[in-house]
Amino acid sequence: MCKLSVDKTLDATNMRCPMPLLKTKVMLNSMEPGAILLVKATDSGAKRDIPSFIGASQHTLISEKTQHAVFQFYIQVGSNA
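What you see as residue numbers is a count from 1 along each chain, following the sequence as written. Local features in this predicted model are restricted to residues of pLDDT 70 or higher, and side-chain atom pairs are both shown and tallied only at a pLDDT of 80 or more, whereas totals for entire chains, interfaces and linings draw on every residue. Note: side-chain values were computed over all heavy atoms of the structure, leaving out hydrogens and water.

(A) Region of the structure containing the packing of helix H1 (residues 19–29) against helix H2 (residues 44–55). Between H1 and H2, the least distance of the axes is 9 Å, while the angle of their chain directions is 35°. Here H1 runs over H2; the crossing is right-handed. Where H1 approaches H2, its residues Pro20, Leu21, Thr24, Lys25 and Leu28 are matched on the opposing element by Ala46, Asp49, Ile50, Phe53 and Ile54. Residue polarity follows a fixed list, in which Ala, Val, Leu, Ile, Met, Phe, Trp, Tyr, Cys and Pro are nonpolar, Asp, Glu, Lys and Arg are charged, and the others, Gly among them, are polar. Partitioned by chemical class, the residues of the contact of H1 with H2 number 7 nonpolar, 1 polar and 2 charged. For helices, the fitted axis covers only the stretch in contact; all axes are lines through C-alpha atoms, and the angles between them, taken along N-to-C directions, range from 0 to 180 degrees. Secondary structure is summarised from DSSP: a helix means a run of H or I of at least four residues, a strand means a run of E of at least two, and numbering begins at the N terminus for each. Note on convention: the crossing is left-handed when the near helix lies turned anticlockwise from the far helix by less than a right angle, right-handed when the turn is clockwise. Note on contacts: a residue pair is in contact if any heavy atoms of the two residues lie within 4.5 Å.

And the structure:
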C-alpha cells in the first residue's frame, strides 16, 4: 500500500472510551471535505466504535490497521452538506 497523504493526525492514545470517538467527531467537523485524518487510539472500544460511526456518516474509512497495540484509522472527510 502506498503511503497516504495525511492532512491532520489525532493522537487519542491513552484516552479511554468514549473520548477517542468524540475527539474524532470534533476533528472531522473542523476539516474540509476530501481531507484525510489519521486517528491513533489504544482503547479497545475505538476498534469497533470509530468504524461503526464512519459507516453511518458521510465520511469514508480508507484504511485501518493495528501496529504495536495502536489502532490506526485513515478517514477521508465527507461532505458537510
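What follows picks up the thread again.
(B) Quick look at the nonpolar core. Leu37, Val39, Ile50, Phe73 and Ile75 are the most contacted members of the largest nonpolar core, which totals 17 residues. For this core, the secondary-structure elements that each account for two or more residues are strand S1 (8–12), H1, strand S2 (36–41), H2 and strand S4 (70–76). Once residues lying within four places of it in the same chain are set aside, the contact partners of isoleucine 75 are Thr24, Leu28, Ala35, Ile36, Leu37, Val39, Ile50, Ile54, His59, Thr60, Leu61 and Ile62. By nonpolar core we mean a set of buried residues, namely Ala, Val, Leu, Ile, Met, Phe, Trp, Tyr and Cys, connected to one another through side-chain atoms within 4.5 Å. Each residue gets one of three labels from its accessible area relative to the maximum for its type: buried under 20%, exposed over 50%, partly exposed in between, using a 1.4 Å probe on protein chains only.

(C) Structural detail: the pattern of salt bridges. By definition, a salt bridge exists where a carboxyl oxygen of Asp or Glu is found within 4 Å of a side-chain nitrogen of Lys or Arg. In the structure shown here, the tally under the stated rule is 2 salt bridges. Residue lysine 47 is joined to glutamate 64 by a salt bridge in which the shortest nitrogen-to-oxygen separation is 3.1 Å. Remark: glutamate 64 occurs in strand S3 (residues 60–67) and lysine 47 occurs in helix H2; sequence separation between them is 17 residues. For glutamate 64, a relative accessible area of 34% corresponds to the partly exposed category. A salt bridge links aspartate 49 to arginine 48; its shortest N-O distance comes to 3.3 Å. Given the relative accessible area of 54%, arginine 48 is considered exposed.

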